[in-house]
Amino acid sequence: METLAATHDTTHQANHVHHHEHPKLSFIEKYVFSMDHKIISKQFLFTAMFMALAAAIMSTLFRLQLAWPGHSFPVMHYFLGDRWAKGGILDQNMYLGLITIHGTIMVFFLLTGGLSGTFANLLIPLQVGARDMASPMLNMLSYWFFLIASILMMISLYVETGPASAGWTIYPPLSALPQAIEGSGVGMTLWLSSISLFVVSSLLGGLNYIVTVLNLRTKGMKMTRMPLTIWALLITAVLGVLSFPVLFGAAILLIFDRSFGTSFYLSDIYIGGQALSQTGGSPVLFEHLFWFLGHPEVYIVIMPAFGIISEVMSVNARKPIFGYRAMIGSMLAIAFLAFIVWGHHMFVSGMNPFLGSVFVFTTLLIAIPSAIKAFNYITTLWKGNIVFNPQMLFVIGAVSTFISGGLTGIILADSALDVAVHGTYFVVAHFHIVMGLSAVLAMFGGVYHWFPKMFGRYMNKKLGYWHFWLTFICAYGVFLPMHFVGLAGVPRRYFNNDLYPAFEKLQHLNVIISVFAIIGVLSQVIFFVNFFYSIFRGPKSEQNPWNSNTLEWTTPIVPEHGNWPGSLPEVYRWPYDYSKPGKDVDFIPQTVPMEEGELDEGEHM
């Protein structure tokens, strides 16, 4: 241990004193095959934005079908052509494909790769005081695996038999038998290949993030002085490293069943009146493997959002984050409990009732650390000198959706109640609000907040306000009515609910949901215009535009590779010294030495 400590200390001192001059790079080296964590952050962001746009278009197409089933829409034909939307009417096989790829992109390519890839790459070296990631080469490879996975997922939309159509959870036997439905053929193979490469990307990135935080912190940056963004991204990386290999294993076994005649997930299957030879497997095994990743995945998505909320809220409330240590403890508790609650996704799978009751208990238990975070955010806002800029509105909106979505989670955590609504739109509404919306709103808040650090310019504030209010109102307009549709028993993933007389009276709610969904998607045009216009024409930023305490604002406005010219900064205090009693200024950066008798709040809160 002494040798390791000595090695770390020597490395740290070398980083602290010397700033290696980087040779002049070509455009390709600097912006395409870059090893600079800040450029890689932008690459993740741009790729995730493109994927999110594709997923949003998909959701618009299938919402048109659900609101006005069987109607002809030229936009359908424009995007899908004669093969999948002849006469502008959506094909039912493509409907399942759109739902599958939409869910896959949003969960993995936007909310996992996009959120963590963007902000972990941007913030970890800048906020811990490092020149770059521990391994810039692995960091670059992490992005390129992500990009290739994204391309494969999009290519699957264009194969003749259509994309994967078994839902984003790809349960066997639909996903295990290429002959089951059209989307189980080449499209499913591309889906599995894409996700396998995505897992490799996530593991390369996660290991890099962990090593960077643990080994490359600057002098004085103790764990109790790290911003909550870094704590959140560190815990997210640990969750990913422990859980993603399980999904990788599940995907490999599924490939074996599809291509090599094994029966890990198959047994006693009949197709077209003929019995298949595979016996002895169980699709429930796949459910266990998938959800062992699937539920930590929820927190891999929401944990970075917690970090962004904590930072943006404290800066714009001009107050220290309430309960710094409690916030860290709650994130650690959530991370631990995330691994022992996966069974609540499987209450209707024939699970032993006793085992189900164990998962009910652990699922309800996770509400405690989640509530700690929610109450601490509310208390941070209490009596704060709040600056209501766009990023502050987005993170407050994220807290709102996390609370309202979490309340419906209590219903789904109870096995007796879950059985009644499990396969309905109630579940869709719940996880979109608590996970999807909270993470997306926090991600928007993070983009508005750190845009000046990424591009050296401000985004337009008025357009930011329009973007927030339209997004926030439409989000609740979509998912609030969806709870009632689900409680009425309308099943998810059905192509046409008009075929069932019991659901005819609910069709007007489907229309309302679709109208809000379409307006919500169109309102993102405001963000895209604001984002790309501001990159080139936005007002130029100051070095520390938000009067923030963290280290990234001590670099040049747009830092070069290496981040700080000269020596690395030294840290003397925690990152939340806002409105400190007895001080003339309302913020004190981490690089300002402590005065005699001054208390380091990070050591005590």
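All of these numbers come straight from a predicted model, not from anything done at the bench. (Residues numbered from 1 in each chain as written. Predicted model: local features only at pLDDT ≥ 70, side-chain atom pairs only at ≥ 80, totals over all residues. Heavy atoms only, no water.)

To continue, consider the nonpolar core. In this structure, Phe 108, Phe 109 and Phe 531 are the most contacted members of the largest nonpolar core, which totals 173 residues. By residue number, the principal contributor to this core is helix H16 (residues 425–455), which donates 19 residues. If sequence neighbours within four positions are ignored, Phe 108 has contacts with Gly 113, Trp 168, Ile 195, Phe 198, Phe 244, Leu 247, Leu 293 and Glu 297. (Core = buried A, V, L, I, M, F, W, Y, C linked by side-chain atoms within 4.5 Å. Buried < 20%, exposed > 50% of the residue type's maximum accessible area, 1.4 Å probe, protein only. Helix = DSSP H or I, 4+ residues; strand = E, 2+ residues; numbered from the N terminus. Contact = heavy atoms within 4.5 Å.)

Between Pro 172 and Pro 173 the backbone carries a cis peptide bond, its omega angle lying at 5 degrees. In this fold, Pro 173 is placed in the loop between helix H7 (136–155) and helix H8 (186–215). Phi angles above zero are rare outside glycine, and Asn 547 is one such case at about 50 degrees. Its place among the elements puts Asn 547 in the segment after helix H18 (507–537).

Another aspect to go through is the confidence of the model for the protein chain. The predicted model of the protein chain has a mean per-residue pLDDT of 92, with 96% of residues at 70 or higher. Every residue in residues 1–20 scores below 50 in pLDDT, and together they form 21 contacts with partners more than four places removed in sequence or on other chains. (pLDDT = per-residue confidence, 0-100.)

Looking now at the side chain of Lys 373. In this structure, Lys 373 sits in helix H13 (residues 367–381). Notably, Lys 373 is buried but unbridged: the nearest opposite-charge side chain belongs to Glu 311, and the N-O separation is 12 Å. (Lys, Arg positive; Asp, Glu negative; His and termini not counted. Salt bridge = Lys/Arg side-chain N within 4 Å of Asp/Glu carboxyl O.)

A few words on the pattern of salt bridges. Within this structure, the stated rule accounts for seven salt bridges. For Lys 38, the salt bridge identified is with Asp 36, shortest N-O distance 2.9 Å. For Asp 36, a relative accessible area of 7% translates into the label buried. The shortest N-O distance in the salt bridge between Lys 580 and Asp 577 comes to 3.6 Å. As far as burial versus exposure is concerned, Lys 580 and Asp 577 are alike and both buried. A single network of salt bridges, built from pairs that share partners, joins Arg 573, Asp 577 and Lys 580.

Here we come to the packing of helix H6 (residues 113–128) against helix H9 (residues 228–259). Orientation of H6 relative to H9, taken along the N-to-C sense of each, is 125 degrees, at an axis distance of 10 Å. When the interaxial angle is binned, H6 and H9 end up oblique. Our pair here, H6 against H9, has a crossing hand that is left-handed. Residues Ser 116, Phe 119, Ala 120, Leu 123, Ile 124, Gln 127 and Val 128 of H6 lie in contact with H9, whose contacting residues are Thr 229, Ile 230, Leu 233 and Thr 236. Taken together, the residues of the contact of H6 with H9 sort by class into seven nonpolar, four polar and no charged. (Axes fitted to C-alpha atoms, helices over the stretch in contact; angles between N-to-C directions. Parallel < 35°, antiparallel > 145°, perpendicular 65-115°, else oblique. Left-handed = near helix turned anticlockwise from the far one by under 90°. Nonpolar A, V, L, I, M, F, W, Y, C, P; charged D, E, K, R; others polar.)

On the surface, Leu 364, Phe 375, Ile 378, Ile 403, Leu 407 and Ile 410 cluster together into a nonpolar patch covering about 570 Å² of accessible area. Contributing elements (two or more residues each) for the nonpolar patch: H13 and helix H14 (390–413). If one sorts the elements of the nonpolar patch by residue count, H14 sits on top with three residues. With respect to the helices, strands and loops of the structure, Phe 375 is situated in helix H13. (Patch = residues over 30% accessible without salt bridge, like charges linked within 9 Å, V, L, I, M, F, W, Y side chains within 5 Å. Areas by Shrake-Rupley, 256 points an atom, 1.4 Å probe, with all protein chains shown as cover.)

Our focus in this paragraph is the side chain of Ser 523. Topologically, Ser 523 is positioned in helix H18. When near neighbours in sequence (up to four residues on either side) are disregarded, Ser 523 contacts His 467, Leu 470 and Thr 471.

Once that is clear, we can look at the packing of H6 against H8. One way to put it is that H6 packs onto H8 with a least axis distance of 11 Å and a crossing angle of 25 degrees. When the axes of H6 and H8 are compared, the pair comes out roughly parallel. The chirality of how H6 crosses H8 is left-handed. In contact with Gly 113, Ser 116, Gly 117, Ala 120, Asn 121 and Ile 124 of H6, H8 contributes Phe 198, Tyr 209, Thr 212 and Val 213. A class-by-class count of the residues in the contact of H6 with H8 yields five nonpolar, five polar and no charged.

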